[in-house]
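Residues per chain, in single letters:
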Amino acid sequence: DAGVTQSPTHLIKTRGQHVTLRCSPISGHKSVSWYQQVLGQGPQFIFQYYEKEERGRGNFPDRFSARQFPNYSSELNVNALLLGDSALYLCASSLASGYQETQYFGPGTRLLVL
Amino acid sequence: QQPVQSPQAVILREGEDAVINCSSSKALYSVHWYRQKHGEAPVFLMILLKGGEQKGHEKISASFNEKKQQSSLYLTASQLSYSGTYFCGTELLTSYGKLTFGQGTILTVHP
């Protein structure tokens, strides 16, 4: 079975631009979470979606937004990019949204903001 | 609040054992352990649930002390493939589904 897939794998943008990252969860999984991982640190929670509804939001500015589609895939959008947005963006899928759900990570999108 | 992992780095020879600790100042519902190799995604290893249940990797064990809000990951008879950065992700009673990760422990296994 295919795991979590993300696109693109790498992206270079300039400050002020907008970016859209995409994620397809494992087949049968209905929940998608987004994390930002800065070099040398652990992943930091951005959003969780379940059945197209936002179930959780981390401490990120409103420039970050996301949505989930009827097929459970998801997009993460970041507006007005800053240099500090350079990071690995990870998508994780789980069967459902709730306590003690195992989250499986995709390979990530590496974003570089110049 | 971010859990604290210790040690920050460990160097082993093949066959040696290691323990990685993860401590939280808040009440936890579960602890999730992942290993990440350079340039790759974190790979799920184990989940420890409130109440003592464990689910995960056959060759790696862990414990969860609910009184101390601390989890330990035990790597026995280490193999070269165990090298990587280990992260614990904690799930609080107040925010299900949201994992807060520690800063990571870098494990290097030499032949």
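Above: the structure in question.
Description of the structure in this document. (Residues numbered from 1 in each chain as written. Chains lettered and ligands numbered in written order. Predicted model: local features only at pLDDT ≥ 70, side-chain atom pairs only at ≥ 80, totals over all residues. Heavy atoms only, no water.)

### Structural notes on the overall build of chain B
When you go through chain B residue by residue, the secondary structure sums to zero helices and eleven strands. Ordered by position in the sequence, the α and β elements of chain B form the string β-β-β-β-β-β-β-β-β-β-β. Compactness check: chain B gives a C-alpha radius of gyration of 13 Å against a globular reference of 13 Å for 111 residues, within 12% of the reference. Its C-alpha atoms give chain B principal-axis dimensions of about 45 × 25 × 20 Å. In chain B, which comprises 111 residues, the share counted as buried stands at 48%. Nonlocal contacts in chain B, meaning residues at least 24 apart in sequence, comprise 56% of its contacts between residues at least 6 apart. (Helix = DSSP H or I, 4+ residues; strand = E, 2+ residues; numbered from the N terminus. Rg over C-alpha atoms; globule rule 2.2 N^0.38 Å. Buried < 20%, exposed > 50% of the residue type's maximum accessible area, 1.4 Å probe, protein only. Contact = heavy atoms within 4.5 Å.)

### Structural notes on the interface of chain A and chain B
Across the contact, 24 residues belong to chain A and 24 residues belong to chain B. Note on chain A versus chain B: buried area summed over both sides is about 1,800 Å², and carbon and sulfur give 59% of it. Three residues stand out in chain A for area buried against chain B, namely Tyr99(A), Gln100(A) and Phe105(A), and they jointly supply 36% of the buried area on that side. Counting across the chain A and chain B interface gives three residue pairs in polar contact (both at pLDDT 80 or more). Within the residue set of the side of chain A that touches chain B, elements represented by two or more residues are strand 4 (31-37), strand 5 (44-50), strand 9 (87-94) and strand 10 (104-105) of chain A. (Buried area = accessible area lost by both parts, 1.4 Å probe. Polar contact = N/O pair within 3.5 Å; in protein donor to acceptor, adjacent residues only side chain to side chain.)

### Let's talk about the sheet that holds strand 7 (residues 64-68) of chain A
Residue and element names in this part refer to chain A. Across the sheet, which stays open at both edges, the four strands sit in the order 1-3-8-7 with antiparallel pairing between neighbours. The outermost strands of the open sheet, each flanked by one partner alone, are strand 1 (5-7) and strand 7. Averaged over all adjacent pairs, the angle separating strand axes in this sheet is 15 degrees, with direction ignored. Where strand 3 (residues 19-24) and strand 8 (residues 74-78) come together, five bridges link them in antiparallel fashion. Pairing of Cys23 across the sheet is with Ser74, part of strand 8. (Pairing = 2+ DSSP bridges. Axes fitted to C-alpha atoms, helices over the stretch in contact; angles between N-to-C directions.)

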